[in-house]
Amino acid sequence: MAAPAGAGALIASPDRRRCLWSVLAAALGLLTYGVSALEVYTPKEIFVANGTQGKLTCKFKSTNTTGTLTSVSWSFQPEGTDTTVSFFHYSQGQVYAGNYPPFKDRVSWAGDLDKKDASINIENMQFIHNGTYICDVKNPPDIVVQPGHIRLYVVEKEILPAFPVWVVVGIVTAVVLGLTLLITMILAVVYRRRNSKRDYAGAQSYMRS
């Protein structure tokens, strides 16, 4: 007895689905071949004295070499707001400065794409420049996982520490370790002298007896 035509279509449908999924998987594999994650590295926060130049350091890691398709974009999120404004773009050796007034004629390129460096300089930083800076690098076909974020604080020159915090901590630690070592050496010398005096006194007593 021959099976109904509808039943034959139902039987064949799972095979068609498997074939369709295989085709989609193969296409996805071709599209993602040679693609990897592009990682961006920036400091978590920096402090800049009011009226001085600030350098926003941005490094990136990419398995593909940089070229004409590589580009860098910097955005700014003012303190206390959720709005992000693009104010700088670099591509094919050309700088494209935005029209955002707080950064007009202040920003210059300080990076080197061949060295995976996307840093910029901002001149004469003021308190209006407090906020979060976002470094976004494109280097197709690599995919950016997460842009770099820098929290920047503009402070009075008198408030800005003369040395970075880690330098101060290192100096204090070295001084404490040095004093501890010196005290240990002095105690060791005193202890040896006392023992030598006791040994000498004991030897004199033995000879007299």
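If you're wondering where the values come from, they're calculated on a predicted model, not measured in any experiment.

Asks: Please provide a residue-by-residue account of the overall build of the protein chain, values included.
Replies: Scanning the protein chain from terminus to terminus reveals two helices and twelve strands. Ordering the α and β elements of the protein chain from the N terminus gives α-β-β-β-β-β-β-β-β-β-β-β-β-α. When burial is assessed residue by residue, the protein chain has 25% of its 209 residues classed as buried. Taken as a whole, the protein chain presents about 14800 Å² of accessible surface, with 62% of it coming from carbon and sulfur.

Asks: Can you tell me about the sheet that holds strand S9 (residues 120-122), naming the residues and giving the values?
Replies: Whether parallel or antiparallel, the strands of a sheet pair through hydrogen bonds between backbone atoms. If you trace the three strands from one edge of the open sheet to the other, you get S3-S9-S8, paired in antiparallel fashion. The open sheet is flanked by strand S3 (54-56) and strand S8 (107-109), the only strands paired with a single partner. Sheet twist, expressed as the average angle between the axes of neighbouring strands with direction ignored, equals 25°. Pairing analysis gives three bridges linking S8 to S9, with the strands arranged antiparallel. Bridge pairing in S9 places Trp109 opposite Ile120.

Asks: Any details on the nonpolar core? Residues and values, ideally.
Replies: By size, the foremost hydrophobic cluster in this structure holds 26 residues, and its most contacted members are Leu56, Trp74, Phe87, Tyr133 and Val137. Elements represented by at least two residues in this core include exactly strand S1 (37-41), strand S2 (45-49), strand S5 (71-78), strand S6 (85-91), S9, strand S10 (131-138) and strand S12 (148-155).

Asks: An account of the state of the cysteines is requested, with residue identities and associated values reported.
Replies: Within this structure, the stated rule accounts for one disulfide. Between the sulfur atoms of Cys58 and its disulfide mate Cys135 the distance is 2.0 Å. A torsion of -85° about the S-S bond marks the disulfide between Cys58 and Cys135 as left-handed. Here Cys58 is found in the loop between S3 and strand S4 (59-61), whereas its partner Cys135 is found in strand S10, with 77 residues between them in sequence. Exposure class is identical for Cys58 and Cys135. Each is buried.

Asks: Explain the sheet that holds S5 to me, using residue names and the numbers behind them.
Replies: Strand order in this open sheet of six strands is S2-S12-S10-S5-S6-S7, and the pairing throughout is mixed. Edge strands, defined here as strands with exactly one partner in the open sheet, are S2 and strand S7 (94-97). Averaged over all pairs of adjacent strands, the angle between their axes in this sheet comes to 20°, without regard to strand direction. As paired strands, S5 and S10 are joined by eight bridges and run antiparallel to one another. Across the sheet, the residue bridging to Phe76 is Tyr133, located in S10.

Asks: So what's going on with the packing of aromatic side chains? Which residues, and what values?
Replies: Taken as a whole and judged by the stated rule, the model has ten aromatic pairs. With a centroid separation of 4.2 Å and 15° between ring planes, the pair formed by Phe87 and Phe103 is classed as stacked. Taken together, the positions of Phe87 in strand S6 and Phe103 in the loop between S7 and S8 put the pair 16 residues apart, joining distant regions of the chain. Taking 6.0 Å as the distance between ring centres and 85° as the angle between the ring planes, the aromatic pair formed by Phe87 and Tyr133 counts as edge-to-face. With Phe87 in strand S6 and Tyr133 in strand S10, this residue pair connects regions lying 46 residues apart in the sequence. A relative accessible area of 2% places Phe87 in the buried class. Looking at Tyr133, the relative accessible area reads 0%, which means it is buried. Of the aromatic side chains, those joined through ring pairs into one cluster are Phe76, Phe87, Tyr100, Phe103 and Tyr133.

Each value, and the rule that gives it
Residues numbered from 1 in each chain as written. Predicted model: local features only at pLDDT ≥ 70, side-chain atom pairs only at ≥ 80, totals over all residues. Heavy atoms only, no water. Helix = DSSP H or I, 4+ residues; strand = E, 2+ residues; numbered from the N terminus. Buried < 20%, exposed > 50% of the residue type's maximum accessible area, 1.4 Å probe, protein only. Areas by Shrake-Rupley, 256 points an atom, 1.4 Å probe, with all protein chains shown as cover. Pairing = 2+ DSSP bridges. Axes fitted to C-alpha atoms, helices over the stretch in contact; angles between N-to-C directions. Core = buried A, V, L, I, M, F, W, Y, C linked by side-chain atoms within 4.5 Å. Disulfide = S-S within 2.5 Å. Phe/Tyr/Trp six-rings, centres within 6.5 Å; stacked < 30°, edge-to-face > 60°.

Just geometry here; none of it tells us what the structure is for.
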